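# An overview of the molecular structure
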Amino acid sequence: MFPVTYVRHGGKVHPLPAAGNPQLDVSYSWNGEAYDTAAYMRAFRVSGVIAVRDGKVLLERYGLGRQPDDRWISFSVTKSLTSNAHRRSSP
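So, here's what we can say about the structure. Values in this document were obtained by computation on a predicted structure and should not be read as measured data. (Residues numbered from 1 in each chain as written. Predicted model: local features only at pLDDT ≥ 70, side-chain atom pairs only at ≥ 80, totals over all residues. Heavy atoms only, no water.)

### Some remarks on the pairing of strand β4 (residues 56-62)
For strand β3 (residues 48-53) and β4, the ladder comprises 6 bridges, and the chain directions are antiparallel. Among the inter-strand pairings, Ala-51 is bridged to a residue of β4, identified as Leu-59. Hairpin connection, β3 to β4: the antiparallel pair is bridged by 2 residues, and Asp-54 has positive phi, about 55°. (Pairing = 2+ DSSP bridges. Helix = DSSP H or I, 4+ residues; strand = E, 2+ residues; numbered from the N terminus.)

What follows is the structure in structure tokens.
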């Protein structure tokens, strides 16, 4: 459907280590229904969620049959991730 270009990673890759236990899990109520991360992802058909703070992964979940090594189009999400990474690495 769309032209595709694979962008290879650069020579310097920064891993995102886990923040440790316990990982962040969100729970809330909306319109009288209780949700946690898994329930939200099922209800709204979310394929992936990641929360990163200070370079450490607080929350990483996959849905819709996705796995950590899968690739999918992220569109504008990438701009947010790369712009924050650039800002943090700048002097």
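### What about the side chain of Ser-47?
Along the chain, Ser-47 turns up in the loop between α1 (37-43) and β3. Sequence-distant contacts of Ser-47, that is, excluding residues within four places in its chain, are made with Met-41, Arg-61, Tyr-62, Gly-63, Leu-64, Arg-66 and Trp-72. (Contact = heavy atoms within 4.5 Å.)

### Points about the pairing of strand β2 (residues 33-36)
Judged from the 4 bridges that link them, strand β1 (residues 27-30) and β2 form a sheet pairing that is antiparallel. Each bridged residue has a counterpart across the sheet, and for Ser-29 the counterpart in β2 is Ala-34. Hairpin geometry of β1 and β2 is characterised by an intervening segment of 2 residues between the two adjacent antiparallel strands and by a positive phi of about 50° at Asn-31.

### Some words on the packing of aromatic side chains
One pass over the full model with this rule turns up 3 aromatic pairs. A centroid spacing of 6.1 Å and a plane angle of 40° characterise the contact between Tyr-35 and Phe-44, whose relative ring orientation is tilted. On the basis of relative accessible area, Tyr-35 is assigned to the buried category, the value being 14%. A residue is classified by how much of its surface remains accessible, and Phe-44, at 41% relative accessible area, is partly exposed. (Phe/Tyr/Trp six-rings, centres within 6.5 Å; stacked < 30°, edge-to-face > 60°. Buried < 20%, exposed > 50% of the residue type's maximum accessible area, 1.4 Å probe, protein only.)

Note that every value here comes from positions in space, so none of it alone points to a role or purpose.
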